[in-house]
Amino acid sequence: MVGILSLSDVLFGQPMEEIITELGVTEDIRAALLGKNNIFGSLLQIAKLYETG
């Protein structure tokens, strides 16, 4: 779910904070999408690094 939501700010043209508040995601997912370092944030970073080569 984190990966799917990670670019929703670009897609919807809204700040990530507003989007995740409206969706009511869990605190772990919220933290990861806001760039915090937790397990989901780490996995998101790995996926982004893989995509960019």
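Residues numbered from 1 in each chain as written. Predicted model: local features only at pLDDT ≥ 70, side-chain atom pairs only at ≥ 80, totals over all residues. Heavy atoms only, no water.

Before going further, it helps to examine the nonpolar core. V2, L5, M16, I20, V25, I29, A32, L33 and L44 together form the largest nonpolar core, which totals 9 residues. Mapped by element, the contributors of at least two residues to this core are helix 1 (2-5), helix 3 (16-23) and helix 4 (27-33). In terms of residue count, helix 4 provides more of this core than any other element does, 3 residues in total. In contact with L33, other than residues within four places in its own chain, are V2, L5, S6, M16 and I20. (Core = buried A, V, L, I, M, F, W, Y, C linked by side-chain atoms within 4.5 Å. Buried < 20%, exposed > 50% of the residue type's maximum accessible area, 1.4 Å probe, protein only. Helix = DSSP H or I, 4+ residues; strand = E, 2+ residues; numbered from the N terminus. Contact = heavy atoms within 4.5 Å.)

Another point: the side chain of N38. Secondary-structure assignment places N38 in the loop between helix 4 and helix 5 (39-52). At 3.0 Å, the side chain of N38 and the backbone oxygen of D28 are in polar contact. Setting aside anything within four residues of it in sequence, one finds N38 in contact with D28, A31 and A32. (Polar contact = N/O pair within 3.5 Å; in protein donor to acceptor, adjacent residues only side chain to side chain.)

Examined against the element boundaries, I20 turns out to sit in helix 3. Considered as a pair, I20 and G3 are 17 residues apart in the sequence and their alpha carbons are 13 Å apart. If near-sequence neighbours (up to four positions away) are discounted, I20 is found in contact with V25, R30, L33 and L34.

Here we take up the pattern of salt bridges. Opposite charge on two side chains makes pairing possible when the charged atoms of those side chains draw close. A complete count under the given rule lists 1 salt bridge for this structure. R30 is the salt-bridge partner of E17, the closest N and O atoms lying 2.2 Å from each other. Taken together, the residues E17 in helix 3 and R30 in helix 4 connect sequence positions 13 residues apart. Given a relative accessible area of 35%, E17 falls into the partly exposed group. Taking the relative accessible area as the measure of exposure, R30 reaches 22% and is therefore partly exposed. (Salt bridge = Lys/Arg side-chain N within 4 Å of Asp/Glu carboxyl O.)

Any functional reading would require information that these geometric values do not contain.
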